[in-house]
Amino acid sequence: VMDGDPSVNPEPYGFVHLNLAYMPRGMAREEWAVMDIIPEYEEPPKGKDEVFDPDDQLEERPPKITYLNLYKQKKTQGWWPLYQKQGKYLVKTGNIRMELEVMNMEQAEKRPAGFGRNEPNQNPTIGPPVRVKTEFSALAAKVATVKFIWKSPNRLKFILAIILNIVGLIVTALMFNA
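All values derive from a computational prediction rather than experimental measurement.

A. View of the nonpolar core. With 17 residues, the main nonpolar core has Met23, Ile38, Leu70, Trp80, Leu90 and Leu100 as its most contacted residues. For this core, the secondary-structure elements that each account for two or more residues are strand 3 (75–86) and strand 4 (89–101). Not counting chain neighbours up to four residues away, the residues in contact with Leu70 comprise Leu20, Met23, Lys75, Thr76, Leu100 and Val102.

Here it is as structure tokens:
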């Protein structure tokens, strides 16, 4: 996995190698994407120079690791850990959420994907958003507020609060004028 702009970071963030015939099922939550689901992972020996491993601090342990054959299941999604090789050990560098789908040639031609900057709303198609019109003139906004208060089940509380505020202002004005 690399940044789309090579001038930002020419080095890859991390790797994930999956055998599609026998791959670990992706985890449902990001924090469950621990290195234990990678078959090649070997825990480095613990020593006094031990590096902090965020996977050791999980409050809730991930579910049991299960494996699947993507050629039989055809589609899967989830979180997998990204890693880089340092020496003879794999070190976690992050997580990635992926959706993997295996198709035959006919399906792939019908639903192309992965050709860079093509139209993003191709597969799946999402309709245009429904937007609420919020253009009000100053008077229309005040009228809408009064209508909201009048139709509210708490209108008595609103009216009582307004009356008490007016009475409080009058009493305060009389106390300071006397």
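So much for the structure itself; the text now carries on.
B. Geometry of the side chain of Thr76. Its location among the elements puts Thr76 in strand 3. Apart from residues lying up to four places away in sequence, Thr76 is in contact with Met23, Leu68, Leu70, Met98, Glu99 and Leu100.

C. Region of the structure containing the pairing of strand 4. Sheet analysis places strand 3 next to strand 4, joined by 12 bridges and oriented antiparallel. Bridge assignment links Thr76 to a residue of strand 4, and that residue is Leu100. Hairpin connection of strand 3 to strand 4: 2 residues between the antiparallel strands, including Gly87 at a positive phi of 70°.

D. Geometry of the packing of aromatic side chains. Enumeration according to the criterion identifies 1 aromatic pair in this entry. Pairing Tyr22 with Tyr67 gives two aromatic rings, centres 4.5 Å apart and planes at 5°, and the pair type is stacked. Here Tyr67 lies in strand 2 (residues 67–68) and Tyr22 lies in the segment before strand 1 (23–24), a separation of 45 residues in the sequence. Take Tyr67: its relative accessible area is 31%, and that puts it in the partly exposed class. Above the ring of Trp150, the side-chain terminus of Arg155 is found at 5.4 Å from the ring centroid.

E. Representation of the environment of Val34. Here Val34 is to be found in the loop between strand 1 and strand 2. Taking C-alpha positions, Val34 is 9.4 Å from Leu82, a pair spaced 48 residues apart along the chain.

Rules of the game
Residues numbered from 1 in each chain as written. Predicted model: local features only at pLDDT ≥ 70, side-chain atom pairs only at ≥ 80, totals over all residues. Heavy atoms only, no water. Core = buried A, V, L, I, M, F, W, Y, C linked by side-chain atoms within 4.5 Å. Buried < 20%, exposed > 50% of the residue type's maximum accessible area, 1.4 Å probe, protein only. Helix = DSSP H or I, 4+ residues; strand = E, 2+ residues; numbered from the N terminus. Contact = heavy atoms within 4.5 Å. Pairing = 2+ DSSP bridges. Phe/Tyr/Trp six-rings, centres within 6.5 Å; stacked < 30°, edge-to-face > 60°. Lys NZ or Arg CZ within 6 Å of the ring centre and 35° of its normal.

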